[in-house]
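Listed below, chain by chain, are the residues.
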Amino acid sequence: NAGVTQTPKFRVLKTGQSMTLLCAQDMNHEYMYWYRQDPGMGLRLIHYSVGEGTTAKGEVPDGYNVSRLKKQNFLLGLESAAPSQTSVYFCASGNPSSVQETQYFGPGTRLLVL
Amino acid sequence: AQKITQTQPGMFVQEKEAVTLDCTYDTSDPSYGLFWYKQPSSGEMIFLIYQGSYDQQNATEGRYSLNFQKARKSANLVISASQLGDSAMYFCAMREGGAGRRALTFGSGTRLQVQP
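Residues numbered from 1 in each chain as written. Chains lettered and ligands numbered in written order. Predicted model: local features only at pLDDT ≥ 70, side-chain atom pairs only at ≥ 80, totals over all residues. Heavy atoms only, no water.

As for the sheet that holds strand β1 (residues 4–7) of chain A
All names here are of chain A.
Here is step 1 of the chain: Read across the open sheet, the 4 strands follow the order β1-β3-β8-β7; overall the sheet is antiparallel. The open sheet terminates on both sides in strands that have one partner only, identified here as β1 and β7 (64–67). When the angles between neighbouring strand axes are averaged without regard to direction, this sheet yields 20 degrees.
Here is step 2 of the chain: Relative to strand β8 (residues 73–78), β7 is paired through 4 bridges, and the arrangement is antiparallel. Bridge pairing in β8 places Asn65 opposite Gly77. (Pairing = 2+ DSSP bridges. Helix = DSSP H or I, 4+ residues; strand = E, 2+ residues; numbered from the N terminus. Axes fitted to C-alpha atoms, helices over the stretch in contact; angles between N-to-C directions.)

Listed below in structure tokens is the structure:
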């Protein structure tokens, strides 16, 4: 059972380059999320999706775009990477029909922007 | 305003002793859930324990228990009989009820180091 997978695990970019992070889940979850984790700040929500074809902004959406063309996949794009986007990115999924439903996290993608 | 506050950046505990990690939260929603996650040095997020706002009893999961004080808006994690493998970052998180994104809001974390 793969759960939530993320590709790639680690990436180095130069300022101005673009890239796409892929998140895939095999649990048939409706909701998917992208978070970033910076030292001393916990996880912060970038974008999320409540179903196939829908996306919405979280707390820190600037500089990122997302797409959810298939239910099982949630893509996070950086059009023009900046050093401030150096972070660890976590994808999560869930079916939060009630507040008690936990989210399932991927292993994270470590991104370094030079 | 911070919705989740973890005031202990780092904690030390001796092996086999108990330790309490603090978490306070802020919400006006009567329906909410509180979660604790463990993040070892390998980086993955591991779900530990959940407490609902309407739960009458404190949650327990093995060596983990949650000291839930609703009036004080605190949800402290208690780890009993600490083990070396408990050394990790610990995050408190909250989900508020109602329709919408149902995302988790995280605190800044506490780094726990268990000493032999």
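Section: the side chain of Thr27(B)
All names here are of chain B.
Here is step 1 of the chain: If you trace the backbone, Thr27 turns up in the loop between β4 (24–25) and β5 (32–39).
Here is step 2 of the chain: Using a relative accessible area of 9% as the deciding quantity, one classes Thr27 as buried.
Here is step 3 of the chain: Side-chain polar atoms of Thr27 contact the side chain of Glu96, separated by 2.6 Å. (Buried < 20%, exposed > 50% of the residue type's maximum accessible area, 1.4 Å probe, protein only. Polar contact = N/O pair within 3.5 Å; in protein donor to acceptor, adjacent residues only side chain to side chain.)

Re unusual backbone geometry
Here is step 1 of the chain: Put simply, Thr7(A) and Pro8(A) share a cis peptide bond, and its omega is -5 degrees.
Here is step 2 of the chain: Topologically, Pro8(A) is positioned in the loop between β1 and β2 (10–13).
Here is step 3 of the chain: The backbone of Lys16(B) shows a phi angle near 80 degrees, a positive value even though the residue is not glycine.
Here is step 4 of the chain: Along the polypeptide, Lys16(B) turns up in the loop between β2 (10–14) and β3 (19–21).
Here is step 5 of the chain: The class for Lys16(B) is exposed, based on a relative accessible area of 71%.
Here is step 6 of the chain: If you check the backbone angles, Lys73(B) has positive phi at about 55 degrees while not being a glycine.
Here is step 7 of the chain: Mapped onto the elements, Lys73(B) comes out in the loop between β8 (64–69) and β9 (74–79).
Here is step 8 of the chain: The class for Lys73(B) is partly exposed, based on a relative accessible area of 30%.

Re the side chain of Ser82(B)
Residues and elements named next belong to chain B.
Here is step 1 of the chain: By secondary structure assignment, the location of Ser82 is in the loop between β9 and β10 (88–96).
Here is step 2 of the chain: Within the structure, Ser82 has its side chain in polar contact with the backbone oxygen of Glu17 (distance 2.7 Å).
Here is step 3 of the chain: In this structure, Ser82 is in contact with Val13, Gln14, Glu15, Lys16, Glu17, Val19, Arg63 and Val114, ignoring residues within four places of it in sequence. (Contact = heavy atoms within 4.5 Å.)

Some thoughts on the pattern of salt bridges
Residue and element names in this part refer to chain A.
Here is step 1 of the chain: Overall, the coordinates contain 6 salt bridges over all chains when judged by the stated rule.
Here is step 2 of the chain: Between Glu30 and Lys71 there is a salt bridge, and its shortest N-O distance comes to 2.8 Å. Taken together, the residues Glu30 in the loop between β3 (19–25) and β4 (31–37) and Lys71 in the loop between β7 and β8 connect sequence positions 41 residues apart.
Here is step 3 of the chain: Classification of Glu30 by relative accessible area gives partly exposed; the value is 32%. (Salt bridge = Lys/Arg side-chain N within 4 Å of Asp/Glu carboxyl O.)

Examining the interface of chain A and chain B
Here is step 1 of the chain: Between chain A and chain B, the residue contacts involve 24 residues of the former and 22 residues of the latter.
Here is step 2 of the chain: The interface formed by chain A and chain B contains 0 salt bridges.
Here is step 3 of the chain: Inspection of the chain A/chain B interface yields 2 residue pairs in polar contact (both at pLDDT 80 or more).
Here is step 4 of the chain: If you list the elements that add at least two residues to the side of chain A that touches chain B, you get β4 and β5 (43–49) of chain A.
Here is step 5 of the chain: Tallied by class, the residues present in the side of chain A that touches chain B amount to 13 nonpolar, 9 polar and 2 charged. (Nonpolar A, V, L, I, M, F, W, Y, C, P; charged D, E, K, R; others polar.)

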